[in-house]
Amino acid sequence: MHDHRSLGRELNLFDTDPLIGAGLPYWLPDGAVVRHTLEEYIRAAERRAGYRHVYSPVLGKRELYEISGHWAHYGDDMFPPMELGGDQVVLRPSLCPHHAVIYRSRSQSYRELPLRMAELGGMYRAELSGVLGGLTRVRAIQLNDAHIFCTLDQVAGEAQAALEMIRRAYQALGITATRYRLSLPGPGGKYVAAPEKWRRSIALLTDVLDRCGLPYEAAEGEAAFYGPKIDVQVTDGAGRESTLSTVQADFHQPEEFDLPYQAVIGAREAADDLVALRLRDGRRLDPRPAGDVLTGVSALVAGHSTDLWHGADS
């Protein structure tokens, strides 16, 4: 039975060294060729599917992860913060917050949605030494990650397309999926407390699996802290199962990073006690009475709605 760690050394692909540290593999020239080829394959596949690639830094201020929820719900798996010029910065455990900030940095028209953003980026997790092994469990990860910003009625189609892209990639690379898992929240305080968001996102992913005709098993306690996910499980030569790919529905980050809408009050609106809402996706709604807007915003906040605005379907 082949062990990928032994093959990595025998074929001069990758290795580790205690001086660099456990869970921090390095790639040798032949391994770098293999890795580069794989990266170019997936970049080309993503471009064909309409993804646009970005680069983002591997560091972020602690505040970034406080907003995203990682600090409260995922802090035990993050490296300690570093003091830098009066700020605390940390190695990122995830690309999600950076991509949310990149998205909101530019006004997007709703006609540009879905906006598919992808990156082959580094991230770092403070894994315990006892669980580290080869390339399957490491502290420095190079992740092929993508985030799709879309309207609610586009979510199911985008999730199905992502699953199909994964299927084609596995077929091209000779990888067999062992099973599909619908990862759900479990008991305890590690998950975001937003019951309605969980209900909607779980229903969406369940519907996607049913539409695709994929058999799956539901597993409590395996969800991300912010939402459920479809995990594609694979098994290695030693019979060990792991998650290789995931498709997630996240209603948490858009709200935390204030992606929905802005209020605009110009001279004309102010004179007539009106407010014009400019949605984050670029649409500007007709002016309406300020009292109606405040009532609508209050209702959305109270209901934790992920809609941009009621009556903004056109």
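Quick summary incoming for the structure in this document. (Residues numbered from 1 in each chain as written. Predicted model: local features only at pLDDT ≥ 70, side-chain atom pairs only at ≥ 80, totals over all residues. Heavy atoms only, no water.)

## What to know about the overall build of the protein chain
Along the protein chain, the regular secondary structure elements total 10 helices and 15 strands. Out of the 314 residues belonging to the protein chain, those deemed buried represent 37%. Across the protein chain, contacts joining residues at least 24 apart in sequence account for 63% of those joining residues at least 6 apart. By element, 54% of the accessible surface of the protein chain is carried by carbon and sulfur atoms, the whole surface being about 17,400 Å². (Helix = DSSP H or I, 4+ residues; strand = E, 2+ residues; numbered from the N terminus. Buried < 20%, exposed > 50% of the residue type's maximum accessible area, 1.4 Å probe, protein only. Contact = heavy atoms within 4.5 Å. Areas by Shrake-Rupley, 256 points an atom, 1.4 Å probe, with all protein chains shown as cover.)

## A word on empty space enclosed by the protein
To find leftover empty space, a probe the size of one water molecule is rolled over the atoms. Evaluation of the coordinates by the stated rule reveals one cavity of 30 Å³ or more. Size it by volume and the largest cavity reaches roughly 60 Å³. Around the largest cavity sit V192, A194, K197, W198, S201, Y226, G227, P228, A249, F251 and H252, which together line it. No other element matches helix α7 (residues 195-212), which puts three residues into the lining of the largest cavity. Taken together, the residues that form the lining of the largest cavity break down as seven nonpolar, three polar and one charged. (1 Å grid on protein atoms, 1.4 Å probe; cavity = no way out; pocket = protein on both sides within 12 Å on 5 of 7 lines; lining within 4 Å. Points joined across faces, edges and corners; volume = space filled by probe spheres on them. Nonpolar A, V, L, I, M, F, W, Y, C, P; charged D, E, K, R; others polar.)

## Considerations on the sheet that holds strand β4 (residues 59-61)
Reading across the sheet, the three strands line up as β4-β6-β5 and stay open at both edges, with antiparallel pairing between neighbours. Looking along the sheet, the strands with just one partner apiece sit at the ends: β4 and β5 (82-84). Across the sheet, the mean angle from the axis of one strand to that of its neighbour is 40°, orientation sign disregarded. (Pairing = 2+ DSSP bridges. Axes fitted to C-alpha atoms, helices over the stretch in contact; angles between N-to-C directions.)

## Here's the deal with the sheet that holds strand β9 (residues 179-184)
Spatially, β10-β9-β11-β12 is the arrangement adopted by the four strands of the open sheet, whose pairing is mixed. The open sheet has two free edges, formed respectively by β10 (216-220) and β12 (241-248), since each of these has just one partner strand. Recorded for the sheet is a direction-independent mean angle of 30° between the axes of neighbouring strands. The sheet contact formed by β9 and strand β11 (residues 229-235) spans five bridges and is antiparallel. Along β11, the bridge assignment pairs R181 with D231. On top of the sheet, helix α6 (residues 155-173) reaches β9, β11 and β12; it is set at about 145° to β12, its chief contact.

## Observations regarding the pattern of salt bridges
Under the defined criterion, the tally for this structure stands at 18 salt bridges. The salt bridge involving D87 is made with K61; its shortest N-O contact spans 4.0 Å. In this pair, D87 is assigned in strand β6 (residues 87-91) and K61 in strand β4, connecting sequence segments 26 residues apart. With relative accessibility at 41%, the residue K61 sits in the partly exposed group. For the salt bridge of R179 with E241, the shortest nitrogen-to-oxygen distance reads 2.7 Å. (Salt bridge = Lys/Arg side-chain N within 4 Å of Asp/Glu carboxyl O.)

## Re the nonpolar core
Judged by nonpolar contacts, the single largest core of 17 residues is most densely connected at L163, L182, V208, I230 and V247. The set of elements that each furnish at least two residues to this core consists of α6, β9, α7 and β11. Apart from residues no more than four positions distant in its own chain, V208 is found in contact with A156, A159, Q160, L163 and I230. Among the nonpolar cores identified, the runner-up in size contains 13 residues, and V54, Y65, M78 and V90 belong to it. (Core = buried A, V, L, I, M, F, W, Y, C linked by side-chain atoms within 4.5 Å.)

## Thoughts on the packing of helix α2 (residues 29-48) against α6
Closest axis-to-axis distance for the α2/α6 pair is 12 Å, and the angle between their directions is 145°. The handedness of the crossing between α2 and α6 comes out as right-handed. When α2 is examined against α6, the residues L38, Y41, A45 and E46 are found in contact with a partner set consisting of M165, R168, A169, A172 and L173. Here the contact of α2 with α6 is composed, by residue class, of seven nonpolar, no polar and two charged. (Left-handed = near helix turned anticlockwise from the far one by under 90°.)

## Focus on the pairing of β10
Taken together, the five bridges between β9 and β10 define a ladder with parallel strand orientation. Within the sheet, the bridge partner assigned to S183 lies in β10 and is A219.

## Describing the layout of surface pockets
A volume near 180 Å³ is recorded for the second largest pocket. In terms of lining residues, the second largest pocket is bounded by R5, R9, F14, D15, T16, A22, G23, L24, L132, G133 and G134. Contributions of two or more residues to the lining of the second largest pocket are made by α1 (4-10) and β1 (14-15). Among the residues making up the lining of the second largest pocket, the classes are represented as four nonpolar, four polar and three charged.

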